[in-house]
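Descriptive structure summary
Read off the chains here:
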Amino acid sequence: MLIEIYLSDLKKQREAKQLNDPISNSDSQVAVNLASRTYAIEINPGLLNQLSNALAGFVSDDHVILVTDNNVAELYLETVVSQISEIAQRVDVIRVSPGEESKSISVCDELWQRMVDFKTDRQSVVVALGGGVVGDLAGFLAASFARGIRFIQIPTTLLAQVDSSVGGKVGVNLPGAKNMVGAFWQPELVLIDPLVLETLDEANFRAGLAEVIKYGLIMDVGFFESLEASVDLIGKRDPVALTQSIARCCKCKAAIVEEDERETSGRRAILNYGHTYGHAIEAVFGFGRFLHGEAISIGMTCAARLARELGMVQDFFVARQTELFQRMQLPVDCPAERHDELIASMKHDKKVARGELKLILPVRIGEVVVVAAPEDQLILDSLKN
Ligand code: GLY
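Model, not experiment: these values are computed from the prediction.

1. Comments concerning the pattern of salt bridges
The final tally for this structure, using the stated rule, is 25 salt bridges. The partner of D92 in a salt bridge is R90, with the nearest N and O atoms 2.7 Å apart. We classify D92 as buried; its relative accessible area is 14%. Judged by relative accessible area, which is 32%, R90 ranks as partly exposed. Across the pair K214 and E211 runs a salt bridge, and its minimum N-O distance is 2.8 Å. With K214 and E211 both in helix α7 (residues 202-219) and three residues apart, this pair spans about one turn of that helix. Grouping residues by exposure puts K214 and E211 together as buried. Connected via shared salt-bridge partners are E100, K103, D136, K178 and E282.

2. Describing the packing of aromatic side chains
A complete count under the given rule lists two aromatic pairs for this structure. Measuring from centroid to centroid gives 6.3 Å for W112 and F140, while their planes differ by 55°, and the two rings are tilted. Highlighted residues: W112 in helix α4 (residues 105-117) and F140 in helix α5 (residues 132-144), separated in sequence by 28 residues. By relative accessible area, F140 is classed as buried at 8%. Between the aromatic rings of F285 and F290, the centroid separation amounts to 6.3 Å while the plane-to-plane angle is 80°, which identifies the pairing as edge-to-face.

3. Notes on helix α12 (residues 292-309)
Spanning 18 residues, α12 covers 26 Å between terminal C-alpha atoms, matching the ideal 26 Å at 1.5 Å per step. Remark: G311 follows α12 within two positions and exhibits a positive phi of approximately 75°.

4. Remarks on the side chain of S164
Among the secondary structure elements, S164 is positioned in helix α6 (residues 158-164). Classification of S164 as buried rests on a relative accessible area of 17%. Apart from residues no more than four positions distant in its own chain, S164 is found in contact with G132, D136, Q153, L159 and K169.

5. A few points about the site of the ligand
Around the ligand, the surrounding shell consists of D163, K169, K253, R268, L271 and N272. Take K169: an N or O atom from its side chain is 2.9 Å from an oxygen atom of the ligand. K253 is positioned with one of its side-chain polar atoms (N or O) 2.5 Å from an oxygen atom of the ligand. Contact with the protein chains removes 89% of the 200 Å² of surface that the ligand exposes when unbound.

6. A closer look at the pairing of strand β8 (residues 177-184)
On any regular strand, side chains alternate: one points to one face of the sheet, the next to the other face. Pairing of strand β7 (residues 169-174) with β8, which is carried by five bridges, proceeds in the antiparallel orientation. Residue pairing in the sheet places V172 in a bridge with V181 of β8. Between β7 and β8, which pair antiparallel in sequence order, lie two residues; one of them, G176, sits at a positive phi of approximately 75°.

7. Here we look at the pairing of strand β1 (residues 29-32)
The two faces of β1 differ: V30 and V32 on one face are buried, but Q29 and A31 on the other face are not. Both β1 and strand β2 (residues 39-43) contribute to a ladder of four bridges, which runs antiparallel. Paired with V32 across the two strands is Y39, which belongs to β2. Hairpin connection of β1 to β2: six residues between the antiparallel strands, including A35 at a positive phi of 50°.

8. Regarding unusual backbone geometry
Phi at A146 takes a positive value of approximately 50°, unusual for a residue other than glycine. The topology assignment puts A146 in the loop between α5 and β6 (150-155). Note on A146: relative accessible area 33%, which makes it partly exposed. Here Q329, not a glycine, exhibits a phi torsion of approximately 60°, which is positive. Relative to the helices and strands, Q329 is located in the loop between α13 (315-327) and α14 (339-346).

9. A short note on the packing of helix α8 (residues 221-229) against helix α10 (residues 239-259)
It is at 11 Å that the axes of α8 and α10 come closest, and there the two elements cross at 160°. One element, α8, and the other, α10, form an angle in the roughly antiparallel class. Considering how the two elements wind past one another, α8 and α10 form a crossing that is left-handed. Counting all contacts with α8, which are made through G222, F223 and L227, the residues of α10 involved are S245, R248 and C249. Taken together, the residues of the contact of α8 with α10 break down into three nonpolar, two polar and one charged.

10. Quick notes on the confidence of the model for the protein chain
Mean pLDDT over the protein chain stands at 92; residues scoring 70 or higher make up 91%. A low-confidence stretch, residues 1-26 stays under pLDDT 50, and its non-local contacts, those more than four residues away or across chains, total 30 contacts.

11. Concerning the side chain of Q321
Along the chain, the position of Q321 falls in helix α13. Among the polar contacts made by the side chain of Q321, one reaches the main-chain carbonyl oxygen of M300 at a distance of 3.0 Å. The residues touching Q321, leaving out its near neighbours within four places in the chain, are L217, F224, Y273, M300, T301 and A304.

The rules we used
- Residues numbered from 1 in each chain as written.
- Predicted model: local features only at pLDDT ≥ 70, side-chain atom pairs only at ≥ 80, totals over all residues.
- Heavy atoms only, no water.
- Salt bridge = Lys/Arg side-chain N within 4 Å of Asp/Glu carboxyl O.
- Buried < 20%, exposed > 50% of the residue type's maximum accessible area, 1.4 Å probe, protein only.
- Helix = DSSP H or I, 4+ residues; strand = E, 2+ residues; numbered from the N terminus.
- Phe/Tyr/Trp six-rings, centres within 6.5 Å; stacked < 30°, edge-to-face > 60°.
- Expected span 1.5 Å × (residues − 1).
- Contact = heavy atoms within 4.5 Å.
- Near = heavy atom within 4 Å.
- Polar contact = N/O pair within 3.5 Å; in protein donor to acceptor, adjacent residues only side chain to side chain.
- Areas by Shrake-Rupley, 256 points an atom, 1.4 Å probe, with all protein chains shown as cover.
- Pairing = 2+ DSSP bridges.
- Axes fitted to C-alpha atoms, helices over the stretch in contact; angles between N-to-C directions.
- Parallel < 35°, antiparallel > 145°, perpendicular 65-115°, else oblique.
- Left-handed = near helix turned anticlockwise from the far one by under 90°.
- Nonpolar A, V, L, I, M, F, W, Y, C, P; charged D, E, K, R; others polar.
- pLDDT = per-residue confidence, 0-100.

So this is what it looks like as structure tokens:
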């Protein structure tokens, strides 16, 4: 019986794969179609060395506020500033400390003041050069300063390239409440250079892969299969495999954001597969112990186990998902302690609507649904490896 379901699932997946576009070499531009807020995502190896061309038409004789962190600045600030200076009227640079602590109202307060000192006005443009923290913080600065000014993203981590730089979610954390203050503020342009990933440390690179695999799991079985077939190439950071994978993720994300820009219909919520568990793991065990991608890899594993308990997927789904995470060297085991605290933290998650916790659970590779959380005991069981 189990074998029959598995074979029919595989057949459906192969048919779906034939319908899906294969990953192609020509994926260098993805559009996010949002009426007057439509923008392009450019994905090109070497793009960071062609910024004056890529930004022409977006920055012409304008005042640019470039926001970055000290780590990224060491590697890329000189190149980026010299190129933007060719086309901008003036470039002012804001450097923040690397890490989640910079995504706070107190840092934001300091930066608003710097923006005033720089004589920033409504014609100025904020450019974010960095990972998710820099993108979210700089985006929130752009969204809030002078009631909103222009914004461009140049993401430099895999996580930022495939998720946080696309879709306009910007914001800062409150103590104990991640991303709680923010806005939907779309960038005018996203420029992605997969070659910058060469300088990303291995742990952050691997953690970003959790978000990459997530797209296959939630909406693109063909992509999931491509990833299964290219673990070695991706692990070696092959620029072609990375460019194709990033483009595929951006296409998936663009499609979701086009359908549900402000997360009102529930469609955008599927991007949070594994995140309710993952956010709780980050909060309870401290943000230093697990990287975000590691926490959501564990979170997706717990969500798959819960879906299996609820009869939504079979064993082989959990096994196949877990196998890909492990081949990509991502953790899948939830720590064995503090499970009651994890449940309490999950109930504080932003996905709690009118007191009811919602979870994103899989029904097959390439499809997830939003469901009301079952009783605590089942969630507790799903935390056990
Ligand atoms: N990272 C989830 C979203 O953009 O909606």
